[in-house]
Amino acid sequence: MKHGSHKAPKAVDQRIAWSEVFSSRKGSHSTSSVRAVQMAANNGAILGLDQAVADKLNELAPQTRRAMREAARAAERRSHIVASTSLAALVGTAATMVAFSNADDTTSFRLADEATTTMQIKRVESTSASASRSEDRAAIGSLTATTQRQTTSDGEWTMDGDGSALDTNVMSRSTANNPYVAALMDIDYASLPAGFDPNHATGDNGNAYPYGQCTWYAYERRVQLGLPVGSQFGNGNMWGASAAALGYWVDSTPRHVGDIVSFASGQLNADATYGHVAVVERINEDGSIEISESNVKGLGVISNRTISAADAASLTYIHY
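An unreviewed UniProt entry annotates the protein as Amidase of Bifidobacterium samirii.

As structure tokens, then:
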């Protein structure tokens, strides 16, 4: 048989919940409020706590979120200050050590060594006297006349080699502004009159000759060939004298295609009063020439004919 014993009364839990101590409730006369006020006023003496324990509890008491953030920031600032102070002290110590170790050398403190290249130079020994440099050198005054070399300003400039690579045929010796005249002058270089000026006045102001006449055609043909011609040379028999007065090269020898040929009055069936002019189109090997002309077969009619070498030698030619 099971004996029942008197149930022991449960012990009353005398512990105080800290959440009640530090949390507020409604009403200023509640038990929790009273205890909290008493504990705060007496530093926990109401509970019989030791004074040191009470101070520690007050230090660890819950704070507001703002107060907690400010406390964390303050702790972080203190940590940074301590770290900066330590680093500054370390750098100062290192600088002091370097200064005392080499006080005169201000350039030896570098963060990293510069790249350097090491090269060894060896003296080349040679058995050839022309390739070696003797340690014994004779004075300049002791050199004989045969070993001395002297430079003078006498003589002429010379070019290495035979000059075969230089083609003088493609070099113009003319100073003419007209490129066609310059080309013809290079051909006639040995025959040019003394003192000939290729840039003489041309007398060209446009074709002022009557249309269809021999003079009109001679002007047009010369312009077509790029050669100079005057606008006021007069009648056909006057062209040689008029051109020579302006500086043109005039003689009795046909030289190039484009030369102006002038006929005297009545010469080779030319007009007995005005004479005639034409333009050389071809010079044959036998000395005969072929000319182009106008108004022989009608006003403005362009025709060609061949003049024998003997007759060609009697005419006047205007070159350039």
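From N to C terminus, the protein includes eight helices and six strands. What you see in the protein, going N to C, is helices and strands ordered as α-α-α-α-α-α-α-β-β-β-β-β-α-β. With 320 residues in all, the protein has 22% of them scored as buried. In the protein, the share of contacts with a sequence separation of at least 24, taken over all contacts with a separation of at least 6, comes to 50%. Surface accessibility of the protein: about 24200 Å² in total, with carbon and sulfur atoms responsible for 54%.

A contiguous patch of positive charge on the surface is contributed by Arg69, Arg73, Arg77 and Arg78. Structurally, Arg77 is set in helix 4 (residues 65-101).

This paragraph deals with helix 6 (residues 214-224). With eight of its eleven residues buried, helix 6 lies for the most part within the structure. Looking at helix 6, one finds that the buried residues are Cys214, Thr215, Trp216, Tyr217, Ala218, Tyr219, Arg221 and Arg222. Immediately beyond the C-terminal end of helix 6, within one or two residues, lies Gly226, with a positive phi of roughly 80 degrees.

Note that Ser262 resides in strand 2 (residues 260-263). Its relative accessible area of 5% is what places Ser262 among the buried residues. Looking at Ser262, its side chain comes within polar contact range of the main-chain oxygen of Gly236, at 2.7 Å. Every residue in contact with Ser262, bar those within four places of it in the chain, is listed here: Gly236, Asn237, Trp239, Gly240, Gln267, His276, Val277, Leu315 and Thr316.

The next subject is the packing of aromatic side chains. Tallied over the entire structure, the rule returns seven aromatic pairs. Both rings, one in Tyr209 and one in Tyr219, keep their centres 6.3 Å apart while their planes meet at 55 degrees; by these two values the pair is tilted. In this pair, Tyr209 is assigned in the loop between helix 5 (179-187) and helix 6 and Tyr219 in helix 6, connecting sequence segments ten residues apart. The exposure class assigned to Tyr219 is buried, which follows from its relative accessible area of 6%. Ring geometry for Phe233 versus Tyr248: centroids 5.8 Å apart, planes at 85 degrees, classification edge-to-face. Note that Phe233 is positioned in the loop between helix 6 and helix 7 (239-246) and Tyr248 in the loop between helix 7 and strand 1 (250-251), a separation of 15 residues in sequence. The rings of Tyr209, Tyr219, Phe233, Trp239 and Tyr248 are connected pair by pair, giving a single aromatic cluster.

Parameters and conventions
- Residues numbered from 1 in each chain as written.
- Predicted model: local features only at pLDDT ≥ 70, side-chain atom pairs only at ≥ 80, totals over all residues.
- Heavy atoms only, no water.
- Helix = DSSP H or I, 4+ residues; strand = E, 2+ residues; numbered from the N terminus.
- Buried < 20%, exposed > 50% of the residue type's maximum accessible area, 1.4 Å probe, protein only.
- Contact = heavy atoms within 4.5 Å.
- Areas by Shrake-Rupley, 256 points an atom, 1.4 Å probe, with all protein chains shown as cover.
- Patch = residues over 30% accessible without salt bridge, like charges linked within 9 Å, V, L, I, M, F, W, Y side chains within 5 Å.
- Salt bridge = Lys/Arg side-chain N within 4 Å of Asp/Glu carboxyl O.
- Lys, Arg positive; Asp, Glu negative; His and termini not counted.
- Charge placed at Lys NZ, Arg CZ, Asp CG, Glu CD.
- Polar contact = N/O pair within 3.5 Å; in protein donor to acceptor, adjacent residues only side chain to side chain.
- Phe/Tyr/Trp six-rings, centres within 6.5 Å; stacked < 30°, edge-to-face > 60°.

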